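# A closer look at the structure
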There are 2 protein chains.
Amino acid sequence: MQAKDKQTYALAGVNIETANEIKKLIAKQVKSTISPQVLNLGSFGSMFQLKGYEEPILVSSVDGVGTKLKIASLLAKNDTVGIDIVNHCVNDILCCGASPLFFLDYIAMDKLKPEQVKSVVTGIVRACREVNCSLVGGETAEMPGIYSQGTYDLVGFIVGVVEKKNIIDGGSITSGDIMLGLPSSGLHTNGYSLVRRVFGIDDDPSCLHKFYPQLGKTLGEELLMPHRCYYRELKPALPLIKGLAHITGGGFEGNIPRTLPEGLAAHIRKSSWDIPPIFKLVQQQGNVDEAEMYRVFNMGIGMVVICTSQDAPKIIEVLPQAKAIGEIVNAVREERIRID
Amino acid sequence: MQAKDKQTYALAGVNIETANEIKKLIAKQVKSTISPQVLNLGSFGSMFQLKGYEEPILVSSVDGVGTKLKIASLLAKNDTVGIDIVNHCVNDILCCGASPLFFLDYIAMDKLKPEQVKSVVTGIVRACREVNCSLVGGETAEMPGIYSQGTYDLVGFIVGVVEKKNIIDGGSITSGDIMLGLPSSGLHTNGYSLVRRVFGIDDDPSCLHKFYPQLGKTLGEELLMPHRCYYRELKPALPLIKGLAHITGGGFEGNIPRTLPEGLAAHIRKSSWDIPPIFKLVQQQGNVDEAEMYRVFNMGIGMVVICTSQDAPKIIEVLPQAKAIGEIVNAVREERIRID
């Protein structure tokens, strides 16, 4: 009788040693983010001591980077997506008035590549340190057959905290309030499937190396611009802010109404800021309807701050980049947003 | 001049409406998990009020289900992996003594299929309700080109809490302490890439429908058995427990030493429990070395409880399924575990 071929986990495409190698590679970096409130790491769960709050409200969010990851893979530049995922999450919980406490990541790919994971984590660490957020945990998964060859996914989870009395939930917004827009740094993390199609990037990635004078950089450099974090600049202004909307998937229409009480609508004036060149380029290249552009992209405004008209000048004093981009009005029928 | 084809997000393979349809499909189910401590849902971040703890320690964990997802896809049965991901996370933070507070999920696929997402979320909801954990958030992502056709990934993120004085961290474990094993319900969520290879499942999924008398069910049914949750049964025994090890990827060797102080080792006696038939079947079918089996699989023990020899009988009284499977000894050289 012929002996069967001996099967092992490694032959099945999973290498426990590689996962351990990765842990060693990133251990020192991760440690640099850890606050004294973190009691342990590397156990089954990560422990974080919550101190100094009277009525602590934990604010959490989960996000992915979407197919911006494809651009990162094609250019073999994986640190900026690490920054993206943290900043996306930090901005999301900031909309409730929360400060970041800790972050966990999940990185999965068809075949674990330690250098690639290290590069992603380098970006995560950099962004976490920027906002005093402890990177307390993470999971790397090797899943042959689920991910297309050479691709990976990156997911971030954040927990922050806000005193109950300082929650920002849009509840006090009224007609006549002002919307201030803060500039985005580019596409942030939304609309990449459309951009990939418009430029035919999947078929011919060489277009990523093309220099565009209006961008002042190559297409690839522009598309990998990290998602801007608004935490540090907005933090001092939070007491004056009634509502915040992070402009991500779904654009203004998908995000501003989430923070408005029933019966109110946002009236955005397009002429109040300059649309950055990348959005014009995408629109032109893909012959994309303007309305579709506003539904998919941030169009140059990454965060919308809602405040009284009295407070608007005070906020602009602290945030010189903020621009009035519209006002809150009473909703007509079911229209929650008007962009004109 | 010929007009360019007009590009839209939908043509690029991303459908914002589908994502909204999914939100509606699952809204009612998700609501059934929500505790009064949850202040809001559907905003940029989810808010959870932490109450009733003197020195609260937040315990968090992130996990995936691995390629068990492939079996779920092949059998078009996606609810049990939802149970798997929650129970995996709950067991992980339980190892620190923590009770679950809230959970967030991430589901990504090449093309969003509302019914499939709904099915996964049904399992998540069922498992969350079982342990009073609020499903406060989630993200569904459509990523054409990153996921292989018809595949998806599922990630879970949990936050729980434990009073500082009740933390279980293995610190008080000494030589002479006893290890009790709690039975697993099958493979749980580890070793699926090896199992897929051993049975040639990817090449010919029909083997999943084969009935095995020793399993009392088909291979597919066995492989989709949900990861068992140990929270409810272990909760009353926690005050007597010095250390807990959730036996996941890496088996006994990869998990028990994580909870042991330096200088101690775990001595496991294999003869002390019956290896369930599925593990014997995998070993035989794949001609897998016994040592490799113990490195990859839980071999029938899903959770290991470490306690004094005096407390062991008291714990067994509360947990009749618990069996003494070995004891803690002084480590000889660097050997942290011995299985014989």
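Thresholds, definitions, all that
- Residues numbered from 1 in each chain as written.
- Chains lettered and ligands numbered in written order.
- Predicted model: local features only at pLDDT ≥ 70, side-chain atom pairs only at ≥ 80, totals over all residues.
- Heavy atoms only, no water.
- Least-squares fit on C-alpha atoms with pLDDT ≥ 70 in both.
- Axes fitted to C-alpha atoms, helices over the stretch in contact; angles between N-to-C directions.
- Helix = DSSP H or I, 4+ residues; strand = E, 2+ residues; numbered from the N terminus.
- Parallel < 35°, antiparallel > 145°, perpendicular 65-115°, else oblique.
- Left-handed = near helix turned anticlockwise from the far one by under 90°.
- Contact = heavy atoms within 4.5 Å.
- Nonpolar A, V, L, I, M, F, W, Y, C, P; charged D, E, K, R; others polar.
- Buried < 20%, exposed > 50% of the residue type's maximum accessible area, 1.4 Å probe, protein only.
- Salt bridge = Lys/Arg side-chain N within 4 Å of Asp/Glu carboxyl O.
- Domains from an automatic or database assignment.
- Buried area = accessible area lost by both parts, 1.4 Å probe.
- Core = buried A, V, L, I, M, F, W, Y, C linked by side-chain atoms within 4.5 Å.

The next thing to look at is the relation of the copies chain B and chain A. Overlaying chain B on chain A yields an RMSD of 0.0 Å, the required transformation being a rotation through 180° with an accompanying axial translation of 0.0 Å. When the rotation and shift are considered jointly, the pair of chain copies conforms to a two-fold rotation axis.

Turning next to the packing of helix α3 (residues 79-94) of chain A against helix α4 (residues 114-130) of chain A. Residue and element names in this part refer to chain A. Running from N to C, α3 and α4 point in directions that differ by 40°, and their axes come no closer than 6 Å. Put simply, α3 runs oblique to α4. You can see that α3 and α4 cross each other, and the crossing is right-handed. Contacts from D79, V81, G82, I83, I85, V86 and N87 of α3 reach α4 at S119, V120, G123, I124, R126, A127 and C128. Taken together, the residues that form the contact of α3 with α4 break down as eight nonpolar, four polar and two charged.

Here we take up unusual backbone geometry. Residues and elements named next belong to chain B. Backbone geometry places A76, a non-glycine residue, at a positive phi of 50°. The backbone of M299 shows a phi angle near 55°, a positive value even though the residue is not glycine. With respect to the helices and strands, M299 occurs in the loop between α10 (290-296) and β12 (301-307). For M299, a relative accessible area of 2% translates into the label buried.

Our focus in this paragraph is the packing of helix α1 (residues 16-31) of chain A against α4 of chain A. Residues and elements named next belong to chain A. The interhelical angle for the contact between α1 and α4, taken along N-to-C directions, is 25°, at an axis separation of 10 Å. Considering the angle they form, α1 stands roughly parallel to α4. For the crossing formed where α1 meets α4, the hand is right-handed. Between α1 and α4, the contacting residues are T18, E21, I22, L25, I26, Q29 and V30 on the first element and P114, E115, V117, K118, V121, T122 and V125 on the second. Of the residues belonging to the contact of α1 with α4, the class tally is eight nonpolar, three polar and three charged.

Attention now goes to the pattern of salt bridges. Counted by the stated rule, this structure contains 30 salt bridges over all chains. The partner of D311 of chain B in a salt bridge is K314 of chain B, with the nearest N and O atoms 3.1 Å apart. Placement of both D311 of chain B and K314 of chain B in helix α11 (residues 311-318) is noted, with a separation of three residues, approximately one turn of the helix. Given a relative accessible area of 14%, D311 of chain B falls into the buried group. The class of K314 of chain B is partly exposed, set by a relative accessible area of 46%. Beyond isolated ion pairs, a larger network of salt bridges with shared partners links K77, D79 and R126 of chain A.

Attention now moves to the domain arrangement of chain A. Residue and element names in this part refer to chain A. Considered domain by domain, chain A is made up of domain 1 (16-166) and domain 2 (178-339). Centre-to-centre separation of domain 1 and domain 2, based on C-alpha positions: 24 Å. With 25 residues of domain 1 in contact, the opposing surface of domain 2 contributes 30 residues. Between domain 1 and domain 2 lies a buried interface of about 2300 Å² when both sides are counted; carbon and sulfur atoms form 68% of it. Here domain 1 is connected to domain 2 by one salt bridge. Notably, a salt bridge pairs E130 with R232, separated by 3.8 Å at the nearest N-O pair. Elements that contribute at least two residues to the side of domain 1 that touches domain 2 include exactly α2 (68-75), α3 and β4 (99-109).

L58, F252 and I256 of chain A together with L58, F252 and I256 of chain B are the most contacted members of the largest nonpolar core, which totals 247 residues. Once residues lying within four places of it in the same chain are set aside, the contact partners of F252 of chain A are I247, P257, I268, W273, Y294, N298, M299, I301, V304, I325, I337 and I339 of chain A.

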